[in-house]
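Per-entry structural report
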Amino acid sequence: MKTSDHESPYELAGQYVLGTLPEAERRAVIERLKTDQELAELVAYWEERLVPLCDVVDPMPLPDSVWARISNSAQAEALAAAHDKQPQLPLLKTWWHNLPLWRGLTAAGFATALLLGVALSGQPQQPSYLVVLATPEGHSPGWVVQASNHQTLTLKALGTYEVPQGKSLEFWTKADDWSAPVSLGLVKPGQTLSINVDKLPPLEQNQLFEITLEDEAGSPIGKPTGPIEYIGRAIPI
Amino acid sequence: MSITTDAFDYEACLHACANQSKEALRELYLEESGRLMGVVFNIVKDRATAEDLIHDVFLRIWQKAHTFDASRGNSRSWIYSIARHLALDFIRFSKRQVTQSEVIEDIPDARDGDWCERINSTHWGSTSNNRVQDCIMELEPERRSCIYHAYVNGYSQSEISDLLGAPLGSVKSWIKRSLLSLRECLG
């Protein structure tokens, strides 16, 4: 990174805390902070000393919906953490299962119909796994995932979905023994996507797929934070 | 300044959050969310974005509370640092350019030190920052103004340059010198 503008690490840390570093330099500092203890201490120095400046700002009210979202996300995190600690009990307490995923039989019925449809269509290259992503209530299927080999997944939209402004849909997957879901990227309603998954372990039976509503640029923390819009599990066919 | 703030045990609260106490997170939210919202909104200048970021702030606290190390800093400033950096990351890394022209007209000049009177170092649970108000008052007016607009409003150096009608080079040098003076004064 370019350091010539910041003669001393004190100054670099100070500019980071003030917020005056341009994007590239700010990103470079964030990267360095992962390993550079000395810089981290200097950042802590400025954070501690400048924080009373926050008193200058008037508080602002928040709608109750903000706490409701925090509460849901924290609950999901706690359940995921509990699951991580007990990988030998995969199906009991994961947050995936605490959601009312498979209450409705509609989606399951649809899956069976689709499965039969695929099986009867006599395509030369049949997919080896199929996932129907339905709304968490299980009432309406929204997307189908097909995997005919270990390299590629195909995601097809079945219906339409209106994404709120400033938001995006993000596609995730998690096998039972993974500690956290992995993002497969942002998806757009109505879009058919081929996703390269050769860096992931081979798809397995019961592997979970879901689509959550996230910030426009995707989840800021690399894990689902927003509400689950569609969810489903892989069925071998 | 605030009796409730003095009474709130931030460190114990973070400890409880690390032990997965949702009640502790809720108490922290009741205690601090309004002030954090003010801080975040002032930087991102959009209510919906600020609300989304407050969600992210509390989720981050929930996820990271176990990493808080009291020997390296104060618990309350740790919380505010999470909020400020999430807001700063948003405005610096967001592809969407926020138009701030209408906002700029409303903001105070800040060359005078009136805003400094609202700084109250006594309720931040640390003795290392009890001189910050004096040290900022000792800065020359332009430099003081740069610190205000950067730290409180999240403005970039070029935005501060536009705002003060001063060359970018001068703003950069004022900020550098302010940091040097502050470091000397704060110790």
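Heads up: the structure comes first, above all this text.
Here is a short report on the structure shown in this document. Only a predicted model underlies this, so the values are computations on that prediction, with no experimental measurement involved. (Residues numbered from 1 in each chain as written. Chains lettered and ligands numbered in written order. Predicted model: local features only at pLDDT ≥ 70, side-chain atom pairs only at ≥ 80, totals over all residues. Heavy atoms only, no water.)

Okay, the environment of R76 of chain B next. Residues and elements named next belong to chain B. Tracing the sequence through the fold places R76 in helix α5 (residues 75–93). R76 gets classed as buried once you look at its relative accessible area, which sits at 2%. Separated by 44 residues in sequence, R76 and E32 have C-alpha atoms that sit 9.5 Å apart. (Helix = DSSP H or I, 4+ residues; strand = E, 2+ residues; numbered from the N terminus. Buried < 20%, exposed > 50% of the residue type's maximum accessible area, 1.4 Å probe, protein only.)

As a further point, take the interface of chain A and chain B. On the chain B side, the residues contacting the 55 residues of chain A number 63 residues. Here chain A meets chain B over a buried area of about 5800 Å², counting both sides, of which 61% is carbon and sulfur. Considering only the surface of chain A that becomes buried against chain B, L18, M60 and W67 of chain A emerge as the three largest contributors, covering 13% of it. Inspection of the region where chain A meets chain B yields five salt bridges. Between K176 of chain B and E11 of chain A there is a salt bridge, and its shortest N-O distance comes to 3.4 Å. Tallied by class, the residues present in the side of chain A that touches chain B amount to 29 nonpolar, 10 polar and 16 charged. (Contact = heavy atoms within 4.5 Å. Buried area = accessible area lost by both parts, 1.4 Å probe. Salt bridge = Lys/Arg side-chain N within 4 Å of Asp/Glu carboxyl O. Nonpolar A, V, L, I, M, F, W, Y, C, P; charged D, E, K, R; others polar.)

Counting 85 residues, the largest nonpolar core has I54, F58 and I61 of chain B as the members making the most contacts within it. The element best represented in this core is helix α3 (residues 22–44) of chain B, accounting for 10 residues. Counting residues in each nonpolar core, the second largest holds 22 residues, with V131, L155, Y161 and L169 of chain A among its members. (Core = buried A, V, L, I, M, F, W, Y, C linked by side-chain atoms within 4.5 Å.)

A word on the pairing of strand β1 (residues 129–134) of chain A. Residues and elements named next belong to chain A. Most of β1 sits out of view: six of its six residues are buried. Going residue by residue along β1, you find Y129, V131 and L133 tucked away on one face and L130, V132 and A134 tucked away on the opposite face as well. With six bridges joining them, β1 and strand β2 (residues 141–147) adopt antiparallel strand pairing. Note on β2: the bridge partner recorded for V132 is V144. Two strands pair when backbone bridges link them, and β1 and strand β8 (residues 228–236) are joined in this way by four bridges, in the antiparallel orientation. By the bridge assignment for β8, L130 is matched with I235. (Pairing = 2+ DSSP bridges.)

Below, the discussion takes up the packing of aromatic side chains. We describe a pair of aromatic rings using the distance from one ring centre to the other and the angle between the two ring planes. In the structure shown here, the tally under the stated rule is 10 aromatic pairs over all chains. Geometrically, the ring pair formed by Y45 of chain A and W46 of chain A is edge-to-face, given 5.1 Å between the ring centres and 90° between the ring planes. The exposure class of Y45 of chain A is buried, given its relative accessible area of 11%. The exposure class assigned to W46 of chain A is buried, which follows from its relative accessible area of 0%. Taking the centre distance of 4.6 Å and the plane angle of 50° together, the rings of W115 of chain B and Y148 of chain B count as tilted. Linking W115 of chain B in the loop between α6 (101–106) and α7 (132–138) with Y148 of chain B in helix α8 (residues 141–151), this pair joins segments that are 33 residues apart in sequence. The structure contains a cluster of three or more aromatic residues connected by ring pairs, namely Y10, Y45 and W46 of chain A. Stacked on the ring of F93 of chain B, the Lys or Arg R27 of chain A has its end atom at 3.9 Å from the ring centre. A cation over an aromatic ring shows up here: K45 of chain B above the ring of Y155 of chain B, its NZ or CZ 4.4 Å from the ring centre. (Phe/Tyr/Trp six-rings, centres within 6.5 Å; stacked < 30°, edge-to-face > 60°. Lys NZ or Arg CZ within 6 Å of the ring centre and 35° of its normal.)

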